[in-house]
Amino acid sequence: MKGRQHKGYMFLTVALSMAVLSGCGKPYLSALKPAGEVARKQYDLMMWSIWIMLFVMIVVLVIFVTVLIRFRRKKGDETLPKQVAGNHKLEILWTIIPVILLVLIAIPTITDVFKLGDTKAMEKKNKDGKHDALVVNVRASLYWWEFEYPDYGVVTSQELVVPTNQKVYFQVKASDVKHSFWIPSVGGKLDANTDNINKFWLEIDQKKAEEAGNVFYGKCAELCGPSHALMDFNVKAISSGDFQNWISQMKSAKKTQPATASAREGQKVFNKSCISCHAVTPSDTRPEQARTSPNLATFGERGKVAGILSYNEQNIENWIKNPSKYKPGTKMPAFGDQLSDKEVDALATYLMELKVEH
Ligand code: CUA
């Protein structure tokens, strides 16, 4: 009986760790698959520290086991081995070795901290007052993300679009409570605070982006409320040429005109029930306090509904009817009682037609 129970526990442990670890190693999500310079530096630091810790562990274990075997109490031999407490040579040795190890960890850590925190390039502006570097303002709110490209007058939500093979500079803040901006396979995390702006840069390798299918997953890394774990966003990493195209399409985007009768019906519903919170053009010039809800200009191009559900009409309708079922604590009200099924259906059709790319 005991043996069977033991086997049961073993099986459970193995099954559980497999379930937990199966999330590791995905190129679009894993910090263990670095996809750019920042993530690689962070990964190298982590591995370097782990090797040093392993070295310490092995040395200590070997000494421990040796002592245990060599100096164990033997029958008929009551003599104590030679006592070494207070031995100067030994004490100096085991003080100096950890000091050396800590220095070996500290040098690359401090060097990288300064390198990764170097945002001097953000201060350079041309005569029009625009940054020389690519700057993205990130604003975190319960439970969604806004990405603003201040030099282009473009605002988007839930999906960050960045060019590969170049440094992208981020200014991160929050509009309600503390959040944290993290793209595990690209780098981070950086706190999103309400009372100051944090800055850093990230860079994504073109090749790694292709391996990941050009989309990475972003996460909120600061416990912010019941839907903290659902505060995901997508990161589209595209070549710099494609990025230039995208940004110029975003800059010149007009309101999408619905193509079908159902979408036209949906637009009417939208203008009645949604437009006071949601903008549908990427050039949203209102101050950010007025931008209380995600910009939906590119909703038809999104890979996810609300950052978490697979993108299809059914999920869009479910979300509109009862969002807090999927994201507890969301500020988005439920429209299931206010709108008829037909209206929600039309609304979903309209939303899915909201596109900027042509
Ligand atoms: Cu936002 Cu956790």
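All values reported here derive from a predicted model rather than from experimental measurement. (Residues numbered from 1 in each chain as written. Predicted model: local features only at pLDDT ≥ 70, side-chain atom pairs only at ≥ 80, totals over all residues. Heavy atoms only, no water.)

Engineer: Break down the nonpolar core for me, citing the residues and quoting the values.
Structural biologist: Ranked by internal contacts, the top residues of the largest apolar core, which has 50 residues, are Tyr149, Leu160, Phe170, Phe181 and Phe216. Every residue in contact with phenylalanine 170, bar those within four places of it in the chain, is listed here: Met122, Val136, Val138, Leu160, Val162, Phe181, Asn198, Lys199, Phe200 and Leu202. Counting residues in hydrophobic clusters, the runner-up holds 22 residues, among them Ala263, Ala306, Ile320 and Leu354. (Core = buried A, V, L, I, M, F, W, Y, C linked by side-chain atoms within 4.5 Å. Buried < 20%, exposed > 50% of the residue type's maximum accessible area, 1.4 Å probe, protein only. Contact = heavy atoms within 4.5 Å.)

Engineer: Describe the packing of helix α6 (residues 261-273) against helix α9 (residues 341-352), with residues and values.
Structural biologist: With their axes 7 Å apart at the nearest point, α6 and α9 run at an angle of 100 degrees to one another. The angle between α6 and α9 falls in the class roughly perpendicular. For the pair α6 and α9, the contacting residues are Ser262, Ala263, Glu265, Gly266, Gln267, Val269, Phe270 and Lys272 in the first and Glu343, Ala346, Leu347, Thr349, Tyr350 and Leu351 in the second. Looking at the contact of α6 with α9 residue by residue, the classes come out as 7 nonpolar, 4 polar and 3 charged. (Axes fitted to C-alpha atoms, helices over the stretch in contact; angles between N-to-C directions. Helix = DSSP H or I, 4+ residues; strand = E, 2+ residues; numbered from the N terminus. Parallel < 35°, antiparallel > 145°, perpendicular 65-115°, else oblique. Nonpolar A, V, L, I, M, F, W, Y, C, P; charged D, E, K, R; others polar.)

Engineer: Tell me about the packing of aromatic side chains, and please be specific about residues and values.
Structural biologist: All chains considered together, the criterion is met by 13 aromatic pairs. With centroids separated by 6.1 Å and ring planes inclined at 45 degrees, the aromatic side chains of tyrosine 149 and phenylalanine 243 adopt a geometry described as tilted. Remark: phenylalanine 243 occurs in helix α5 (residues 240-252) and tyrosine 149 occurs in strand β2 (residues 144-149); sequence separation between them is 94 residues. Residue tyrosine 149 is classed as buried on the basis of its relative accessible area of 0%. Residue classification places phenylalanine 243 among the buried positions, given a relative accessible area of 2%. Grouped by ring-pair contacts, the aromatic residues Trp145, Phe147, Phe170, Phe181, Phe200 and Phe233 constitute a single cluster. Above the plane of the ring of tryptophan 201 lies lysine 167, whose end atom (NZ or CZ) is 4.3 Å from the centre. (Phe/Tyr/Trp six-rings, centres within 6.5 Å; stacked < 30°, edge-to-face > 60°. Lys NZ or Arg CZ within 6 Å of the ring centre and 35° of its normal.)

Engineer: Describe the sheet that holds strand β9 (residues 215-220), naming the residues involved and giving the relevant values.
Structural biologist: Read across the sheet, 5 strands follow the order β4-β10-β9-β6-β7 without closing on themselves; strand pairing throughout is mixed. On the outer flanks of this sheet lie β4 (159-163) and β7 (187-192), each paired with one strand and no other. Taken pair by pair, the neighbouring strands of this sheet meet at an average axis angle of 25 degrees, ignoring direction. Sheet topology note: the strand β6 (residues 179-183)/β7 ladder contains 5 bridges and is antiparallel. (Pairing = 2+ DSSP bridges.)

Engineer: Quick one: what's the story with α5, residue by residue and with numbers?
Structural biologist: Between the first and last C-alpha of α5 there are 18 Å, a value that for 13 residues agrees with the 18 Å anticipated at 1.5 Å per step. Of all the residues in α5, the buried ones are Phe243, Trp246, Ile247 and Met250. One side of α5 holds all its buried residues, which, seen down the axis, span an arc of 95 degrees. In the core, the buried residues of α5 are packed alongside β1 (134-141), β2, β3 (154-157), β4 and β10 (233-238). (Expected span 1.5 Å × (residues − 1). Arc of directions from axis to C-beta.)

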